[in-house]
Amino acid sequence: MMDTGFKNAQLDDSWAFDTLTRKETTYASHGYHKYPAKFIPQLVKRLLDKYSSEGDFILDPFGGCGTTLVESKINSRNSICIDVNEAALLIASAKKTAINSELLNIKNINLQKRLSENRDHKNYYKSANKRLKYWFTKAQYNRLMRLYKEIQKEDNQEIRTFYRCCFSNILKNCSIWYSKSIKPMRDPDKKLVDPKVIFTAHLNYMTKQNSEYYNLLTKSGALEVKSYVKKADARATGIPNKSMDLIITSPPYAISYEYADIHQLSLLWFGFTDDIKSVRKNYIGSSYREKVNAAKINSPVAIDMINALNSCDPHLSNQISHYIIDLESSFKEMFRVLRRGKRACIIIGDTKYKGIDIKNKEIAIELLKNIGFDIETVIRRKISSKTFTPYRDSIGRFSQKSNGKMEGIYQYEYIIVAIRPELNNRYPLKQFEKIAYDLLNSLKIDRFYGS
Ligand SMILES: C[S@@+](CC[C@H](N)C(=O)[O-])C[C@H]1O[C@@H](n2cnc3c(N)ncnc32)[C@H](O)[C@@H]1O
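Description of the structure in this document. (Residues numbered from 1 in each chain as written. Predicted model: local features only at pLDDT ≥ 70, side-chain atom pairs only at ≥ 80, totals over all residues. Heavy atoms only, no water.)

A few points about the side chain of Glu-154
Okay, so step 1: Relative to the helices and strands, Glu-154 is located in the loop between helix H7 (138-152) and helix H8 (157-174).
Okay, so step 2: Side chain to side chain, Glu-154 and Lys-107 meet in a polar contact 3.0 Å long.
Okay, so step 3: With residues up to four places along the chain from it excluded, the contact list for Glu-154 reads Lys-107, Arg-114, Ile-159, Arg-160 and Tyr-163. (Helix = DSSP H or I, 4+ residues; strand = E, 2+ residues; numbered from the N terminus. Polar contact = N/O pair within 3.5 Å; in protein donor to acceptor, adjacent residues only side chain to side chain. Contact = heavy atoms within 4.5 Å.)

Observations concerning the site of the ligand
Okay, so step 1: Around the ligand there are 24 residues in total, and Tyr-35, Cys-65, Thr-67, Asp-83 and Ala-234 lie nearest to it.
Okay, so step 2: In this structure, Phe-39 approaches the ligand through a main-chain N or O atom, which is 2.9 Å from an oxygen atom.
Okay, so step 3: Between Ile-284 and the ligand, the recorded distance is 2.9 Å, taken from a backbone N or O atom to a nitrogen atom.
Okay, so step 4: The fraction of the free accessible surface of the ligand (600 Å²) that becomes covered by protein chains is 100%. (Near = heavy atom within 4 Å. Areas by Shrake-Rupley, 256 points an atom, 1.4 Å probe, with all protein chains shown as cover.)

Digging into the layout of surface pockets
Okay, so step 1: In this model, the second largest pocket occupies a volume close to 640 Å³.
Okay, so step 2: Residue lining of the second largest pocket: 24 residues in total, with Ser-93, Lys-96, Thr-97, Gln-157 and Val-229 positioned closest to the centre.
Okay, so step 3: Of all the elements in the fold, those that place two or more residues in the lining of the second largest pocket are helix H4 (86-96), H8 and strand S3 (227-231).
Okay, so step 4: When residues in the lining of the second largest pocket are grouped by element, the largest group, six residues, is from H4.
Okay, so step 5: Taken together, the residues of the lining of the second largest pocket sort by class into nine nonpolar, six polar and nine charged. (1 Å grid on protein atoms, 1.4 Å probe; cavity = no way out; pocket = protein on both sides within 12 Å on 5 of 7 lines; lining within 4 Å. Points joined across faces, edges and corners; volume = space filled by probe spheres on them. Nonpolar A, V, L, I, M, F, W, Y, C, P; charged D, E, K, R; others polar.)

Examining the pattern of salt bridges
Okay, so step 1: Tallied over the full model, the rule gives 16 salt bridges.
Okay, so step 2: The partner of Asp-155 in a salt bridge is Lys-107, with the nearest N and O atoms 3.3 Å apart. In this pair, Asp-155 sits in the loop between H7 and H8 while Lys-107 sits in helix H5 (residues 101-117), placing the two residues 48 residues apart along the sequence.
Okay, so step 3: Overall, the relative accessible area of 61% leaves Asp-155 in the exposed class.
Okay, so step 4: Residue classification places Lys-107 among the buried positions, given a relative accessible area of 17%.
Okay, so step 5: The closest approach of N and O atoms between Asp-261 and Arg-280, which form a salt bridge, is 2.8 Å. Placement of the pair is Asp-261 in helix H10 (residues 259-262) and Arg-280 in helix H12 (residues 276-280), with a sequence separation of 19 residues. (Salt bridge = Lys/Arg side-chain N within 4 Å of Asp/Glu carboxyl O. Buried < 20%, exposed > 50% of the residue type's maximum accessible area, 1.4 Å probe, protein only.)

Here we look at helix H15 (residues 360-371)
Okay, so step 1: A rise of 1.5 Å per residue sets the reference length of H15, with its twelve residues, at 16 Å; its end C-alpha atoms lie 16 Å apart and thus fit the reference within 8%.
Okay, so step 2: Extensive coverage of H15 is indicated by the burial of nine of its twelve residues.
Okay, so step 3: Within the sequence span of H15, burial applies to Asn-360, Lys-361, Glu-362, Ile-363, Ala-364, Ile-365, Leu-367, Leu-368 and Ile-371.
Okay, so step 4: Note on H15: the residue one or two positions beyond its end, Gly-372, has a positive phi of about 125 degrees. (Expected span 1.5 Å × (residues − 1).)

With respect to empty space enclosed by the protein
Okay, so step 1: Counting across every chain of the model gives two cavities of 30 Å³ or more.
Okay, so step 2: In this model, the largest cavity occupies a volume close to 360 Å³.
Okay, so step 3: Along the wall of the largest cavity there are 30 residues; nearest its centre are Phe-62, Asp-83, Ser-250, Pro-252 and Tyr-259.

Topic: the packing of H5 against helix H9 (residues 195-220)
Okay, so step 1: Contact geometry of H5 with H9 gives a least axis separation of 10 Å together with a crossing angle of 170 degrees. One finds that H5 runs roughly antiparallel with respect to H9. From H5, Ser-101, Leu-104, Asn-105, Asn-108, Leu-111, Gln-112 and Leu-115 reach across to H9, where they touch Lys-196, Phe-199, Thr-200, Leu-203, Thr-207, Asn-210, Ser-211 and Tyr-214.
Okay, so step 2: The class makeup of the residues in the contact of H5 with H9 is six nonpolar, eight polar and one charged. (Axes fitted to C-alpha atoms, helices over the stretch in contact; angles between N-to-C directions. Parallel < 35°, antiparallel > 145°, perpendicular 65-115°, else oblique.)

Some words on the pairing of strand S12 (residues 412-419)
Okay, so step 1: Across the eight residues of S12, seven count as buried, placing the element largely inside the fold.
Okay, so step 2: The pairing of strand S5 (residues 338-348) with S12 spans six bridges and is classified as antiparallel. Across the sheet, Ile-347 pairs through a bridge with Ile-415, a residue of S12.
Okay, so step 3: Sheet analysis places strand S8 (residues 374-382) next to S12, joined by eight bridges and oriented antiparallel. The residue bridging Arg-381 from the neighbouring strand is Glu-413, located in S12. (Pairing = 2+ DSSP bridges.)

In structure tokens form, the structure reads like this:
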């Protein structure tokens, strides 16, 4: 297809996946844990079918809770999930691992027995992290800690990770975090339920789903397919040059989620950090960033937008400038790790803020082309309002419903399919590059990436 700039990418209803039921989108291990803006597994599968083959290596550098990892495994592709968020990596680790169902049932019975016999009455609350004290009542914290201590006694690492993922998923429910809000907000009147009850219910669900996943992988012979979870920055993944066959990823959105804040209960509970403020700056799209020089931006579309934003909201303008610079660094990294002739499928959405269009898609295309990617196609897809909060009010807050004055945000998103070009006449080869390429090929370097 001709590269036309894709300003008006055609809407393609076949990519909306809006007729799928919740059961279908949470099949196998996909529903183990809530995660904001996670992929629809069927979208990932369609991209895998179209752009990769069995045995290929697939990368998701903004891997989140591991949807790409799980779909890759089910479809017999090796994969790597990168994220800076350790709570995400814990979830992805649990989701990628199918556990022998009989063993898991025995372990679950043992755990339930230990929990019912537990006579621990220690007060753990007094030495709790200050921020956790803000979210949990004393009684609830102590109950959770007793449960957690029993989980930690599990000696099988895969099963312990499975339990930790289950525990992570119930933390919000057990705290005074306002249930209907994805963002941190307290509800002092929240009715609290015994963590053991919520944990057991979710464990039963996960155990059933594990069994479906285990049977699926056993039948297709994909149990041994490699999938790795790695804590790293999408801008510097540590993955070898030209080693990946396909990238499927969705970068965080600017002015949307503060991932560190959203996952603070798990990050603090598991000791991944003891101070949420100190980790925010590692996250692309975070609003907690120092001043940046917008002149570094390599996109005229972005510069126009930033100038417009600067006159109405300088803080936001700085935040978006950071976002674009970081996005470009992550695209450069994608280019570096992709094999020639292979693709990056980048899922990104435009948005609006205080009347100004945030043209993420157009900017991403411009940045990708500057780096050397060819744009093969851009698919426009409708996002279900079940997966995203669709409106923003006049001061920028999210809302599920519109009062007529609100801005529609994230109604559509784009799948940008970018190719790292083959060595060809368009980019005349320097002699040393050709030699290095031939040498690598003749060595037949094993592209397997260790964890
Ligand atoms: C839209 S979510 C991806 C969700 C994922 N597609 C899924 O299905 O779970 C974006 C992810 O980018 C991660 N992220 C933010 N900054 C990052 C960085 N510098 N390097 C790697 N990951 C980052 C966030 O933690 C978040 O998990």
